[in-house]
Every structure is written in structure tokens, then in C-alpha cells.
Amino acid sequence: MANQFELTEEQLAIREMARRFTAEEITPHAARWDETHHFPLETIRKAAALGFGAIYVSEASGGSGLGRLEAALVMEAMAEGCPSTSAFISIHNMAAWMIDRFGSAALKAKYLPALVTMETIASYCLTEPGSGSDAAALRTRAVREGDHYVVTGSKAFISGGGANGLYVTMVRTGEPGPRGISCLVIERDMPGVSFGANERKLGWHSQPTAQVHFDGVRVPVLNRVGAEGEGFRIAMAGLDGGRLNIGACSLGGAQRALDEAIAYTRSRQQFGRAILDFQATQFTLADMETELQAARALLYLAAAKVEADAPDKTRFAAMAKRLATDTGSAVVDRALQLFGGYGYLMDYPIERLWRDLRVHRILEGTNEIMRVIVAREMLRERN
């Protein structure tokens, strides 16, 4: 019976490859990237060379063709080195999958080869200055003129804004509400596309974030993903996987913090003994480990459900995202407390992990919206 809860040999090998890559290419540099706000494009493309730029893009489209659990394992491993960089790669994976899953053959042939290698990187554009949690109220409009849409509006908090080459963008082509939303792939260099200043953020310093503006941008109808009016459904399908990925990033960052806390409390002496020897410290570490393992188990289960297209996949993805990101923040916060004043210094990775993980409770749907989704689905099943 235990086998169903264990990773396969292939999954273990994928996780080990991701951990090795992280140890060699990410962890030694993450503090400098954070301090200097460096965008590690070369490292990101090295990750893509291992298949991490298109983890669950189909093999037919040149991707790795792996599942959502494998994606979670990769994101978790890379986040142990730098949650910000891992999250950036996860968003690109979500956008690339949306094109692969819902795009036409011509659209896939046009864009996926460069997305798989991350020669071109994609952003996901749903949130607007006036519509965050109420995503279906978006106002960016696309008016059809012949074989083009003319797009006007703005998107906010876009990871890779200004740096990335493609923007998978939800636009309004019809009536108010979710049924009037469509999805377009918009290129950075199309006339009328511009960007706001790089946002000054608490964390996620290794990736740029900016507003994206569309001023009469002419986008070919062939760049539409799916049919008119399907954009909101496509956006939500993308977020089922995106929530797993960002939850996995929280697990990875929290695991790093727990490991660092164990090592620090073993070496730190107070009152004539290692603070690890105090029962209060051991109780704190035990709770951190227990909660982290519970969140990981739920996230892996949710990944299996999304991969299997289970009827309750959206509910489980929301539950897993909520629990993993809340738990990740709580674990890192307790690790910082165990470090005492040293945890507040940039000499140690804890404060960076604390800053990077905080936003995970907001993006890909706030944790309050995750509760709305869980309650809605749970009550619907009981009607």
C-alpha cells in the first residue's frame, strides 16, 4: 500500500536532476541576484535546456511531456535555491502549456519551438489595475477588424513585463462577464505595446515586474488561443496548474528554511548548550516539519488530480495552493525567529525566503479567493 504514496524511479531522477542543477547554478548566486535585482536569463535558459521550460508541454510540440507532479517536483527543487527564479519559470510553463493545449496547429508551430527553449519567454496577462480578484471584470478590449483584433487596455503586476517576448493576454471581445473574454498571444514588438517602470517590490527581486499597456495594438486573429469567448475558461485552466507550481515554490523555499534552521540551531550556543537541545526548539522544528509534510502531501495529490482531469481538480488545486503557501510563509517565519537577530540580516538566506514567499499568498488567486473556490465547489457537490 505504501507504493501509491511514493515517487517512481523516474520522478526521483527528475527531482535529483533539478536539485543538482539548483545546487550548481542557482543557490550560489541567489543572494547576489536578490541584492542587485539581477534577472538571470542565462541561468533560466540553462534550466530550459534540461526541459524545465516546457515541463508539461506535449512531446509532439517539443516539450518534455511530463505530468503536473513532475512539474511540482522541479519547481520545489529550484525554489530551495531561489523561489523568485523558480516562480518565474513556472509562469512561463503555464503560458506555454495554454498555447499547446488550446492553440491551433499554426499558433503552436509559430511560437512553441522558441518557448520550449525559452529563447522566447512568455508572460501570463490577466490582472488589471482595476480588476484583481474580480478577474472576469477585466476591461482590456479587443475589437475585431477583418483578420486582426485591435487591442486597447492595460495589465498589471506582469512577471517579465518588458523583458519577455510574448504576452498570453485575456481580453474582452464580447459581453460583460466571463463569457465575453478571449485569449490572444501578443508580441512585445507589435506597434502599440509599451511597458510601465519596473515595480519596486518587497521580494521576487530576480525577476522584472511591470504594467503592460496596449494602445491600438493590431493582433492577428490567428493569434487567438481557442475560440472567441473561451478565454476565461482557458485562463482558469492555466491557473489550476499555476497554483500547483506556486504552491510547490512555497514548499521548496520553506524546506530550505527548515534545513537552515536545523543547521543553525545545532551550531548556535546559548546558556552553555546548543539551542537545538532545548525542547522548545525541538517542538518548533517538529511542527514545521509536520505542517510542511502535510502541505506537500496535499499538493502532490492535487497534482495527480489535475493531471487526471478529475472532476474535483480545481477544488484540490485551490486547497493545495492555499495550504502550501500559508504553510510556507509560516515555516519561514518560524525559521527566522529561531535565527533571532541573525535571521533578519542579509548574511543569511532566511530574510530573502521570507520576502519571496510572502507574495505567493496573493498571486495566482489570493488565498481568500482559494477559500471562495473551495467553499463554492464543496457546497455545489452537496446540493
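From a predicted model like this one, the values you see are computed outputs, not experimental measurements.

A. Focus on the layout of surface pockets. The space that makes up the second largest pocket amounts to roughly 460 Å³. Lining the second largest pocket are 19 residues, and of these F5, L7, R296, A297 and Y300 lie nearest its centre. Those elements giving two or more residues to the lining of the second largest pocket turn out to be helix 1 (9-26), helix 4 (68-79) and helix 8 (279-307).

B. Examining the pattern of salt bridges more closely. Enumeration according to the criterion identifies 22 salt bridges in this entry. With a closest N to O distance of 2.8 Å, R296 and E76 form a salt bridge. Here R296 is found in helix 8, whereas its partner E76 is found in helix 4, with 220 residues between them in sequence. Between E145 and R218 there is a salt bridge, with its nearest N and O atoms 3.2 Å apart. Here the residue E145 occupies a position in strand 2 (residues 141-145), and R218 occupies one in strand 7 (residues 209-220), the gap between them amounting to 73 residues. Here the salt bridges share partners, and the residues they tie into one network are R322, D326, R361 and R371.

C. Region of interest: the environment of I246. Position of I246 among the secondary structure elements: in helix 7 (residues 231-267). Separated by 183 residues in sequence, I246 and G63 place their C-alpha atoms 20 Å apart. Not counting the four nearest positions on each side in its chain, I246 is found in contact with A87, W204, K321, T325, H360, L363 and E364.

D. Just the nonpolar core, in detail. One finds M78, M98, L115, Y124, M170, L299 and I350 to be the most contacted residues of the largest nonpolar core, which totals 96 residues. If you tally residues by element for this core, the top one is helix 7, at 14 residues. Leave out the neighbours within four places in its chain, and Y124 touches I91, M94, M98, I158, V168, M170, A235 and L239. Counting 16 residues, the second largest nonpolar core, distinct from the first, contains V151, L184, M190 and V212.

E. How the structure looks around unusual backbone geometry. With phi around 55°, W204 is a residue other than glycine that occupies positive phi space. The residue W204 is located in the loop between strand 6 (193-195) and strand 7 in this model. Residue W204 is classed as buried on the basis of its relative accessible area of 5%. A positive phi angle, near 60°, is found at E364, a position not held by glycine. With respect to the helices and strands, E364 occurs in the loop between helix 10 (350-358) and helix 11 (367-381). Its relative accessible area of 10% is what places E364 among the buried residues.

Thresholds applied
Residues numbered from 1 in each chain as written. Predicted model: local features only at pLDDT ≥ 70, side-chain atom pairs only at ≥ 80, totals over all residues. Heavy atoms only, no water. 1 Å grid on protein atoms, 1.4 Å probe; cavity = no way out; pocket = protein on both sides within 12 Å on 5 of 7 lines; lining within 4 Å. Points joined across faces, edges and corners; volume = space filled by probe spheres on them. Helix = DSSP H or I, 4+ residues; strand = E, 2+ residues; numbered from the N terminus. Salt bridge = Lys/Arg side-chain N within 4 Å of Asp/Glu carboxyl O. Contact = heavy atoms within 4.5 Å. Core = buried A, V, L, I, M, F, W, Y, C linked by side-chain atoms within 4.5 Å. Buried < 20%, exposed > 50% of the residue type's maximum accessible area, 1.4 Å probe, protein only.

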